[in-house]
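Now for the letters of each chain:
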Amino acid sequence: MSAQLNYITSGRMEITLEGMKFGKHFKDPQQNVKHFGTNGSKIELESADQGNFTEWGSIELIDLTQWTGKITVSIDCDKWAFFGTAQFQLVINGQIILNDNFQSGVKGPLGNPKMVKQYAIGNF
């Protein structure tokens, strides 16, 4: 079975895995990228111009423990009066299993614009 995660952002996005790890990089985002970094279980991607999206990235997911996987995605924005958008797709055996697109709060004088979502992923 093969699984991959496709991702794009217009802000500062972090993707963290539990019970899984990242494998082969199929495509690293290169356009409109201020920062891009990965390790075994985390991706950090920040757009250079937070009013526009980076290009899509794509990476393999490897299951480590049955039925206990979790993906946590956060989105934030540094640009005043703007919000960041995170979009990603989980594709398993050619089928889109999970697709989400969500936004941070608006950067301003009050509050924290960071938005965090968590998704339980079973065995794949």
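These numbers were taken from a predicted model, which means no experiment stands behind them.

Criteria and thresholds
Residues numbered from 1 in each chain as written. Predicted model: local features only at pLDDT ≥ 70, side-chain atom pairs only at ≥ 80, totals over all residues. Heavy atoms only, no water. Pairing = 2+ DSSP bridges. Helix = DSSP H or I, 4+ residues; strand = E, 2+ residues; numbered from the N terminus. Axes fitted to C-alpha atoms, helices over the stretch in contact; angles between N-to-C directions. Buried < 20%, exposed > 50% of the residue type's maximum accessible area, 1.4 Å probe, protein only. Core = buried A, V, L, I, M, F, W, Y, C linked by side-chain atoms within 4.5 Å. Contact = heavy atoms within 4.5 Å.

Draft legend 1. Quick look at the sheet that holds strand β4 (residues 33-38). Taken together, five strands build an open sheet; the order of strands is β4-β5-β2-β7-β10 and the sheet is antiparallel. Among the strands making up the open sheet, the edge pair consists of β4 and β10 (115-121). With direction set aside, neighbouring strand axes in the sheet form an average angle of 10°. By the bridge criterion, seven bridges tie strand β2 (residues 12-18) to strand β7 (residues 69-76) in an arrangement that is antiparallel. Looking at β7, one finds that arginine 12 is bridged to aspartate 76.

Draft legend 2. Quick look at the sheet that holds strand β3 (residues 20-27). Across the sheet, which stays open at both edges, the five strands sit in the order β3-β6-β1-β8-β9 with antiparallel pairing between neighbours. Either end of the sheet is taken by a strand with one partner, and the two such strands are β3 and β9 (95-103). Each strand of the sheet is rotated relative to its neighbour by a mean of 25°, with strand direction disregarded. In this structure, β3 lies alongside strand β6 (residues 57-63), joined through five bridges in antiparallel fashion. Residue methionine 20 lies in a different strand from β6, and its bridge partner there is aspartate 63.

Draft legend 3. Structural view of the pairing of strand β1 (residues 3-9). The element β1 is largely enclosed, with a buried count of six among its seven residues. One ladder, built from five bridges, connects β1 with β6; its direction is antiparallel. By the bridge assignment, asparagine 6 is partnered in β6 with serine 58. Two elements, β1 and strand β8 (residues 85-92), share seven bridges in a ladder whose sense is antiparallel. Paired with asparagine 6 across the two strands is glutamine 89, which belongs to β8.

Draft legend 4. Main features of the nonpolar core. Formed by 24 residues in total, the largest nonpolar core has its most connected members in Ile15, Leu61, Ile71 and Val73. Sorting elements by how many residues they give to this core places β8 first, with four residues. In this structure, isoleucine 71 is in contact with Ile15, Thr16, Leu17, Met20, Leu61, Leu90, Lys117, Gln118, Tyr119 and Ile121, ignoring residues within four places of it in sequence.

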